[in-house]
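# Observations on the model geometry
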Amino acid sequence: MTKVPEPQSYTLAAFDFDGTLTRKDSMLAFIRYVRGDWFFFRGMVVLFPLLVLLKLKLVSEQRAKETMLKKFFGGMSAESLFEAGVSFAREKIPAILIPSAVERLRWHQSQGHICYLVTASLRFWVQAWAESQGIRLIATEPVISGGIFTGKILGKNCKGSEKVRRLDEALTDKVIEKKYAYGDTSGDRAMLAWADEGFYRHFS
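Residues numbered from 1 in each chain as written. Predicted model: local features only at pLDDT ≥ 70, side-chain atom pairs only at ≥ 80, totals over all residues. Heavy atoms only, no water.

### Details of helix H2 (residues 37–55)
Along its 19 residues, H2 runs just 24 Å from first to last C-alpha, ending more than 12% under the 27 Å computed at 1.5 Å per residue. Taken together, the buried positions of H2 are Phe39, Phe40, Gly43, Met44, Leu47 and Leu50. Buried positions along H2 lie against helix H1 (26–35) and helix H3 (61–73). (Helix = DSSP H or I, 4+ residues; strand = E, 2+ residues; numbered from the N terminus. Expected span 1.5 Å × (residues − 1). Buried < 20%, exposed > 50% of the residue type's maximum accessible area, 1.4 Å probe, protein only. Contact = heavy atoms within 4.5 Å.)

### Notes on the packing of H1 against H3
Running from N to C, H1 and H3 point in directions that differ by 15°, and their axes come no closer than 11 Å. Classified by the angle between their axes, H1 and H3 sit roughly parallel to one another. Crossing handedness for the pair H1 and H3: left-handed. Contact with H1, carried on its side by Met27, Leu28, Phe30, Ile31, Val34 and Arg35, involves Lys65, Met68, Leu69, Phe72 and Phe73 of H3 and no other residues of that element. When its residues are assigned to classes, the contact of H1 with H3 shows 9 nonpolar, no polar and 2 charged. (Axes fitted to C-alpha atoms, helices over the stretch in contact; angles between N-to-C directions. Parallel < 35°, antiparallel > 145°, perpendicular 65-115°, else oblique. Left-handed = near helix turned anticlockwise from the far one by under 90°. Nonpolar A, V, L, I, M, F, W, Y, C, P; charged D, E, K, R; others polar.)

### Describing unusual backbone geometry
Positive phi outside glycine occurs at Lys57, with the angle close to 60°. Assignment of secondary structure puts Lys57 in the loop between H2 and H3. Even without being glycine, Arg201 reaches a positive phi, approximately 50°. Locating Arg201 in the fold gives a position in the segment after strand E6 (197–200). For Arg201, a relative accessible area of 57% gives the class exposed.

### Examining the packing of helix H4 (residues 78–91) against helix H7 (residues 123–133)
Running from amino to carboxyl end, H4 crosses H7 at an angle of 45°, the nearest separation of the two axes being 7 Å. As the angle between them shows, H4 and H7 are arranged oblique. Handedness of the crossing formed by H4 with H7: right-handed. Taken together, the residues of H7 that come into contact with H4 (itself represented by Ala78, Leu81, Phe82, Gly85, Val86, Phe88 and Ala89) are Arg123, Phe124, Trp125, Gln127, Ala128 and Trp129. Class assignment for the residues of the contact of H4 with H7 results in 10 nonpolar, 2 polar and 1 charged.

### Observations concerning the sheet that holds strand E3 (residues 136–145)
Strand order across the open sheet formed by 6 strands is E4-E3-E2-E1-E5-E6, with mixed pairing between neighbours. Strands with a single pairing partner mark the edges of an open sheet, and in this sheet they are strand E4 (148–154) and E6. Neighbour-to-neighbour, the strand axes of this sheet turn through a mean angle of 25°, independent of strand direction. Relative to strand E5 (residues 176–183), strand E1 (residues 10–15) is paired through 6 bridges, and the arrangement is parallel. Bridging across to E5, Ala14 finds its partner in Ala181. (Pairing = 2+ DSSP bridges.)

### Notes on the pairing of E1
Of all 6 residues in E1, 6 are buried, a share of seventy percent or more. Residues Tyr10, Leu12 and Ala14 of E1 are buried on one face, and the alternating residues Thr11, Ala13 and Phe15, pointing to the opposite face, are buried as well. Here E1 runs beside strand E2 (residues 114–122); their pairing, made up of 4 bridges, is parallel. Pairing of Leu12 across the sheet is with Ile114, part of E2.

### Topic: the pairing of E5
The sheet contact formed by E5 and E6 spans 4 bridges and is parallel. Bridge assignment links Tyr182 to a residue of E6, and that residue is Phe199. Crossover connection from E5 via helix H9 (residues 189–194) to parallel E6: handedness right-handed. (Right-handed = clockwise from strand over helix to strand, strands pointing away.)

### Side note on the side chain of Thr20
Within the secondary structure layout, Thr20 lies in the loop between E1 and H1. For Thr20, a relative accessible area of 3% puts it in the buried group. Polar contacts involving the side chain of Thr20 include one to the side chain of Asp184, which spans 3.2 Å. Residue contacts for Thr20: discarding those within four places in its chain leaves Ile98, Ala101, Tyr182, Gly183, Asp184, Asp188 and Phe203. (Polar contact = N/O pair within 3.5 Å; in protein donor to acceptor, adjacent residues only side chain to side chain.)

Below you can see the structure in the form of structure tokens.
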């Protein structure tokens, strides 16, 4: 069989996840899915002072996120969290997707564009969904030691300029003809500015 040559250049579409492709925060939904409502609400009460400090910008977002992740998932096996992510992708994510956003994703795919999901969500709960949709994934990475999730983030939280850095790293061997990007928060501004066409809060 003759091998089909790789295209010389690509068009790329980068999508944020929470609030762009979805109607609600996937991390909170995943916590409730894995740990149950009682554990979730009890944990949120304990974490309330930290969330106030975060709102007042007296603690970094990464520190607050790691504290929350450790509270709910620290000490759990990475395998069990990835397995939960598979069922979460099947049972819960479809209900929180924005139809017009998914339609736009499908349009890009139909045009042969490379599509990336670029998200601050941890790989645990977005990997299975991205794979099922044929989307390349750039996500916040967990620190796993001896098969156990420590509650820590590997490197930086994937938002702001980190999204652009990670995209550039992934695309070093590709010639990109045109770049689209979709996002909904200040954490997506750098990615939207990086793109040739950036769409802010484009879907409803």
